[in-house]
Structure formats: C-alpha cells, structure tokens
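So the chains spell out like this:
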Amino acid sequence: MREKERPVMPTDVKIKLGVIGLGLRGQFLLSILLNMDSVEIAAICDPIDKRLARGNELIGQQGAHAAVYADYKALLARSDIEAVIICTTWNTHVRIAIDAMRAGKHAAMEVGGAASLEECWRLVRTSEETEKYVMLLENICYADIELSLLHMERQGLFGELIHLQGGYQHDLREEIALGRENQHGRLNHYLHRNGELYPTHQLGPIAKMLRINRGNRFLTLTSMASKARGLNKWIRENKGEKYDLASAVFEQGDVVTTQIKCAHGETVLLVHDTTLPRPYSRNGRVQGTNGIWMEDGGVVYIEHMTLPDYEQHPYDPHQWEPYEQYRIKYQHPLWKSYEMQGVQAGHGGVDYLVLQAFVESIRTNTPPPIDVYDAAVWMSITCLSEQSVAMGSMPVPVPDFTSGGWVDRKAGARGKYSLDEVCFEFFDD
Ligand SMILES: NC(=O)c1ccc[n+]([C@@H]2O[C@H](COP(=O)([O-])OP(=O)(O)OC[C@H]3O[C@@H](n4cnc5c(N)ncnc54)[C@H](O)[C@@H]3O)[C@@H](O)[C@H]2O)c1
C-alpha cells in the first residue's frame, strides 16, 4: 500500500465500530471495547439470536445502545461505521474482511488459518485497491514475554537469529468433540482437514522477530502429521462407545510439525498439538549465535552474560538461567506503562493491547502493526501445510504476498504498538 500523509483523528473523537460474530470470543472482545473511551460500538451482528441478545445485554449493561443485525452485509451498509472487528468462525474471516473493505471500512480479524492461497491474495489485493487496512488480531504478539524477547533481540542479545520454534499446544479435546452441542466451529475442520490449523499465535511473534515482509521472507515449508487417536479416545471415555463420533475418522493428526525455511537461512519449527492430554505451552524457542531462550522451563542462556550482576554471579558456561530476571530487565516499555496504568482483562492483558493497536492505527491513519501482508503470509501457512501433509511432506513454496516489496520494505510506522522496533520515544520513563 502506498505510504502517504493521512489526516489524524483528534483523540476526543470516538471511532465507530461494528462487531461481527458473537461467540465467546466476540462477546469477550466486545466487553473490552465497551470499556474503551476512544470507541463507540455502533452495531453488532450474529445470525444466532441468543448470541445477538447476549451482545445486546453487554452493551445495555454499559448504559449504551447499538443496532443489531443477523446479516453482516446490512451492518456493512451503514455509512457511519469506520471499522469492524470480525470474530466469526475460521473460514469466514477473510470474506467478511474483503466485504468490509469494499464497503469502505477498515477490518480487524480474529486469528485462524487460511483455507486457500486465493483468499490470501484477494485479501491483499482488496486492501491495496481500497486503501483500507486489515489487521490480524494476533494478541500473542503483545504478550509481556514475547515483547521482552523482541526487545532483547533488537538489542542484539541473541546475536544473529538461526532457529525459532513455537507451538499451539493446547488440550482442546472437549471443546472440539462437543462442537455440535456448543455450536463451536472446530469440529468439522478436525474431521476433514489435516495440517497446521492454527499457526499464528506462535508464528506471529516469530515472524516479527525475523522481520518477515520487511527484509526477510518465508521461502518454503514442509509438514508432517502423526496419526489421530486423541479425540476418539476422549469421546469413548466421556460420551460412551455408542456416541456417533466415538469411531469417527478424524483426518487431523494429533501432532503436526511444520518446518519453514527463511530467505536468510533461518529455520522455524511449528508444532500443532491439541488433541492429546497435556498442559498448555507455546513451546517457544529463540536461538541465535549468542544464546538461546526456551519457554518450557522458563530459561535462557546468553554467552558471557549473567543477571542480575556479573560481579556477584560470574558467568557460568553451559548453565541455564531463569528467564524471569531478563523479562524484568528487558520488559518492553509498552508493558511497563501498561502495568503502571493497570492491566486489563483478557489472556493476561494482551487482548486489550491488540485492540488498542488497531484503534490507534485507525485514529492516526497509519497501517496497523500487523498488516495485510503479515496476515496473508501467517494465515497461508495453514493451507500450505495441508498441501505438504497431503503430498507426503513435500516442500511447498510460500508465496511472496508483497510481490517483491519485502526486499526493501522499511519498518512500519513508529509508535507505542510497533512490532518492528521498540519505540522508546513514545513512552515517559
Ligand atoms: N486470539 C485468541 O486468543 C482467541 C481466543 C479464542 C478464539 N479466537 C478466535 O476467535 C474466533 C471466534 O472464536 P469463538 O470461539 O467465539 O468461535 P464460535 O464458533 O464459538 O463463534 C463464532 C460466532 O460467529 C458467528 N458467525 C459465523 N458466521 C457469521 C457471519 N457470516 N456473520 C456473522 N456472524 C457469524 C457464529 O454464529 C458464532 O456465534 C475464531 O477465529 C477463534 O480462532 C481467538
């Protein structure tokens, strides 16, 4: 998209938003937005009456009022709405975002993977043609630990990056297996698809660290899926042998591993692991020529360095240190100021930050920190991994959605919510 001077909205003008999709996620984001001074919820939408009524109730509790729609196209027809927050099921995000941009609105989409490359390209083309923004609401990019790691990386502590890992490792057996009872969308995907279905929580912070689309890019990937046993076992044990899904064939492997190669030689390993018993972990690892951080165990090792004080605790080669001291020392200024103001609810506060980042992008009329090219390439990992699994782990090329722009695309707009650089000048000490 062309970079140009754009008018900035005064801070006292409220931005009018619509919220589309009112499952648990949509309701939750709605409740955060209702507490933001800078926005007004003008309309909400869901085809399920009960959910629409619940959304309306949340709005009423704040003494506010919004129009309600069962059809999102009716919401998009309103000329007063500047942007929409899309919290619908996976395969509908992109088409609603495209319709929103064509209706003259900016769009923020909840996370999920793409079903086809075509939809990723359409997202990019529509944003370029309409000059409307799309932001992927990848909240984990704004997590305290992930931002402290970005800060450490930009200070050069890891040296040159070599290998990064991340996982969506979350026991979702009950949520998936009872998808019909709870009107929840994942079940059909697990019955029919097989791949890295949910890449962006782990990939977002990794891609930002690697400067993907801004001097670096993903080149190829290969994926491998294990057999699927976890859901059948859970269903038999919890719903009985006679329950119709007890012996259903789930195509989605219990553990899917994906390896991505980057233009400058870095490798990325993603693990999708949601149908076996396990505690939650994003399986993070950042490794460079100077050291390594590992999420599991909460440890770090930076060669020739130790915290809190080198004199008192001399560097001990080959020994892990707890990461906590580093998190405190390298805490991102956004989190320092956020903690001082009081962290808002939602996955440790990240949902508030990612929504604020979108609102700030609209107010200042600058492309969002997670832009349409980021959204397209992160989401494309899903359909590419499905292709690779289907072809016996064949490598598949990752498209360059910037059409060559990645070679010299500079960091995005500086600001508090930048994920390209740590912009200290926007924070008081
Ligand atoms: N970032 C996070 O941490 C996080 C956490 C939970 C869920 N999510 C994501 O949020 C999204 C929603 O999750 P959920 O658990 O609420 O899902 P859900 O399936 O329970 O709810 C989706 C809602 O969207 C509505 N919907 C579907 N198509 C629609 C359309 N065309 N127009 C209007 N409404 C439509 C459905 O009726 C439903 O109420 C998913 O993409 C999910 O991956 C993200």
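For the structure itself, consult the block above.
Here we summarise the structure given alongside this text. Treat the numbers as computed from the prediction; the structure is a model and nothing was measured.

## A word on the overall build of the chain
Then comes step 1: Helix and strand counts for the chain come out as 14 helices and 15 strands.
Then comes step 2: Its C-alpha atoms give the chain a radius of gyration of 22 Å, within 12% of the compact-globule value 22 Å for 429 residues.
Then comes step 3: Taking the principal axes of the C-alpha coordinates as reference, the chain spans close to 65 × 60 × 40 Å.
Then comes step 4: Each of the 429 residues in the chain was classed as buried or not, and the buried ones make up 58%.
Then comes step 5: Considering only residue pairs separated by 6 or more positions, the chain has 73% of its internal contacts joining residues 24 or more positions apart.
Then comes step 6: Here the chain displays about 18500 Å² of accessible surface, and carbon together with sulfur accounts for 51% of that area.
Then comes step 7: Charged side chains in the chain number 44 positive and 56 negative. The centres of these two groups are separated by 5 Å.

## Section: the sheet that holds strand 5 (residues 106-109)
Then comes step 1: Spatial strand order, 3-2-1-4-5-6: 6 strands in an open sheet with parallel pairing. With partners counted over all chains shown, the strands left at the sheet margins are strand 3 (67-69) and strand 6 (134-136), one partner each. The mean inter-strand angle of the sheet, taken between neighbouring strand axes irrespective of direction, is 25°.
Then comes step 2: By the bridge criterion, 6 bridges tie strand 1 (residues 15-20) to strand 2 (residues 39-45) in an arrangement that is parallel. Pairing of valine 19 across the sheet is with isoleucine 44, part of strand 2.

## A short note on the nonpolar core
Then comes step 1: Counting 131 residues, the largest nonpolar core has Ile41, Ile85, Met109, Leu123, Tyr142 and Phe218 as the members making the most contacts within it.
Then comes step 2: Tallying contributions element by element places helix 14 (residues 372-390) first for this core, with 10 residues.
Then comes step 3: Once residues lying within four places of it in the same chain are set aside, the contact partners of isoleucine 85 are Leu17, Gly18, Val19, Ile20, Leu29, Leu33, Ala108, Leu137, Leu355 and Phe358.

## Examining the site of the ligand
Then comes step 1: Among the 27 residues in the neighbourhood of the ligand, the closest are listed as Asp46, Arg51, His93, Val111 and Tyr198.
Then comes step 2: Between the ligand and aspartate 46 there is a distance of 2.6 Å, counted from an oxygen atom to a side-chain nitrogen or oxygen.
Then comes step 3: At a separation of 2.9 Å, an oxygen atom of the ligand approaches a polar side-chain atom of asparagine 139.
Then comes step 4: Out of a free accessible area of 860 Å², the ligand has 85% covered by protein chains.
Then comes step 5: Listed by contribution, the elements that provide at least two residues to the shell around the ligand are helix 1 (24-33) and helix 4 (93-102).
Then comes step 6: Across the shell around the ligand, the residue classes break down as 12 nonpolar, 11 polar and 4 charged.

## Thoughts on the pattern of salt bridges
Side chains bearing opposite charge may pair, as long as their charged atoms lie close to each other.
Then comes step 1: The final tally for this structure, using the stated rule, is 25 salt bridges.
Then comes step 2: For arginine 236, the salt bridge identified is with glutamate 241, shortest N-O distance 3.9 Å.
Then comes step 3: Residues joined in a network through salt bridges with shared partners are Lys208, Arg214, Asp371, Asp374, Arg409 and Asp420.

Definitions and cut-offs
Each chain has its residues counted from 1, running along the sequence as written. Local features are withheld for residues below a pLDDT of 70 in this predicted model, meaning they are given only at 70 or higher, and side-chain atom pairs are given and counted only at 80 or more; totals for whole chains, interfaces and linings count all residues. Calculation of side-chain values draws on the structure's entire complement of heavy atoms; hydrogens and water are dropped beforehand. Starting at the N terminus, helices and strands are each numbered in turn, a helix being any DSSP run of H or I of at least four residues and a strand any DSSP run of E of at least two. What the globule rule says is 2.2 Å times the number of residues to the power 0.38, and the radius of gyration is computed from C-alpha atoms. Buried means the residue's accessible area, taken with a 1.4 Å probe over protein chains only, is under 20% of the maximum for its type, while exposed means over 50%, and partly exposed covers the values in between. Whether two residues are in contact is decided by their heavy atoms, any of which lying within 4.5 Å being enough. Surface accessibility in these figures is a Shrake-Rupley result with a 1.4 Å probe; residues are shielded only by whichever protein chains are displayed. Charge convention: Lys and Arg are scored as positive, Asp and Glu as negative, and His as well as the terminal groups of each chain are ignored. Charge positions come from single atoms, namely NZ of Lys, CZ of Arg, CG of Asp or CD of Glu. One requirement defines pairing of two strands: DSSP has to find at least two bridges between them. Each axis is a line fitted through C-alpha atoms, taken for helices only over the stretch in contact, and angles between the N-to-C directions span 0 to 180 degrees. Among buried residues, the Ala, Val, Leu, Ile, Met, Phe, Trp, Tyr and Cys ones that are joined through side-chain atoms within 4.5 Å form a nonpolar core. Only heavy atoms are used to decide nearness, and a residue is near a molecule or strand if one of them lies within 4 Å of it. As used in this structure description, the phrase polar contact means that two N or O atoms lie within 3.5 Å; if the pair is within protein, one of them must be able to donate a hydrogen and the other to accept it, and residues adjacent in sequence are counted only when both atoms belong to side chains. Ten residue types, Ala, Val, Leu, Ile, Met, Phe, Trp, Tyr, Cys and Pro, are classed as nonpolar, four, Asp, Glu, Lys and Arg, as charged, and the remainder, Gly among them, as polar. Note on definitions: salt bridges are taken to be side-chain nitrogens of Lys or Arg within 4 Å of carboxyl oxygens of Asp or Glu.

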